[in-house]
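# Commentary on secondary and tertiary structure
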Amino acid sequence: MMHVEPIVIENHTFIAVSVQLPKTNLLAVMSDKGYIMCGALDIGLLNEKLKDRGIIAGRAVGVRTIEQLLNAPLESVTHEAERLGITAGIIGKDALLKMI
């Protein structure tokens, strides 16, 4: 099952997506510029093989809900995210606010 819903953070609307798969969930919250995602996101792939795309993204591990993703510290971020001041350790919702 897939669920999509708007999430409002400090008067800015983001889109949250959760996909229930066998034995796991995929979670993502996105703006027009970038996104944060659960541990399924491969930051290394984005930084190396897809670096020409300039993807702004961050990864949080150990999260099972959108709420946890928004409040968890990001474990890793892309180089493009770092250029916006998004660093490992920043809370998910704070990273999203830098992606406006």
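In case you missed it, the structure is sitting above this.
Quick summary incoming for the structure in this document. (Residues numbered from 1 in each chain as written. Predicted model: local features only at pLDDT ≥ 70, side-chain atom pairs only at ≥ 80, totals over all residues. Heavy atoms only, no water.)

### A few points about the overall build of the protein
Each helix and strand in the protein was counted, giving four helices and six strands. Listed by position from the N terminus, the elements making up the protein come as β-β-β-β-α-β-α-β-α-α. By the compact-globule yardstick of 13 Å for 100 residues, the protein fits well, its C-alpha radius of gyration being 13 Å. Over its C-alpha atoms, taken along the principal directions, the protein stretches across nearly 35 × 30 × 20 Å. Nonlocal contacts in the protein, meaning residues at least 24 apart in sequence, comprise 32% of its contacts between residues at least 6 apart. Accessible area of the protein: about 5,900 Å², with a carbon and sulfur share of 53%. (Helix = DSSP H or I, 4+ residues; strand = E, 2+ residues; numbered from the N terminus. Rg over C-alpha atoms; globule rule 2.2 N^0.38 Å. Contact = heavy atoms within 4.5 Å. Areas by Shrake-Rupley, 256 points an atom, 1.4 Å probe, with all protein chains shown as cover.)

### Considerations on the side chain of Thr-78
Inspection of the secondary structure assignment puts Thr-78 in the loop between β6 (76–77) and α3 (79–83). The contact partners of Thr-78, leaving out residues within four places of it in the chain, are Ile-43, Leu-46, Asn-47, Ile-55, Ile-56 and Ala-57.

### Observations regarding the pairing of strand β4 (residues 34–37)
Judged from the three bridges that link them, strand β3 (residues 24–30) and β4 form a sheet pairing that is antiparallel. Of the residues in β4, the one forming a bridge with Val-29 is Ile-36. Where β3 folds back onto β4 in an antiparallel hairpin, the turn is made up of three residues. Note that β4 and strand β5 (residues 56–59) share four bridges and pair parallel. Residue Ile-36 lies in a different strand from β5, and its bridge partner there is Gly-58. Between the parallel pair β4 and β5, the chain is carried across by helix α1 (residues 43–48), and the sense of this crossover is right-handed. (Pairing = 2+ DSSP bridges. Right-handed = clockwise from strand over helix to strand, strands pointing away.)

### Considerations on the pattern of salt bridges
Two side chains bearing opposite charge may form a pair once their charged atoms approach each other closely. Evaluated as defined, the whole model comprises two salt bridges. The partner of Arg-59 in a salt bridge is Glu-75, with the nearest N and O atoms 3.1 Å apart. A residue pair is termed long-range when its members are at least 10 positions apart, and Arg-59 in strand β5 and Glu-75 in the loop between α2 (66–71) and β6 qualify at 16 residues. The exposure class assigned to Glu-75 is partly exposed, which follows from its relative accessible area of 39%. Measuring nitrogen to oxygen at the nearest pair gives 3.0 Å for the salt bridge that ties Arg-83 to Glu-80. With Arg-83 and Glu-80 both in helix α3 and three residues apart, this pair spans about one turn of that helix. Overall, the relative accessible area of 61% leaves Arg-83 in the exposed class. Classification of Glu-80 as partly exposed rests on a relative accessible area of 26%. (Salt bridge = Lys/Arg side-chain N within 4 Å of Asp/Glu carboxyl O. Buried < 20%, exposed > 50% of the residue type's maximum accessible area, 1.4 Å probe, protein only.)

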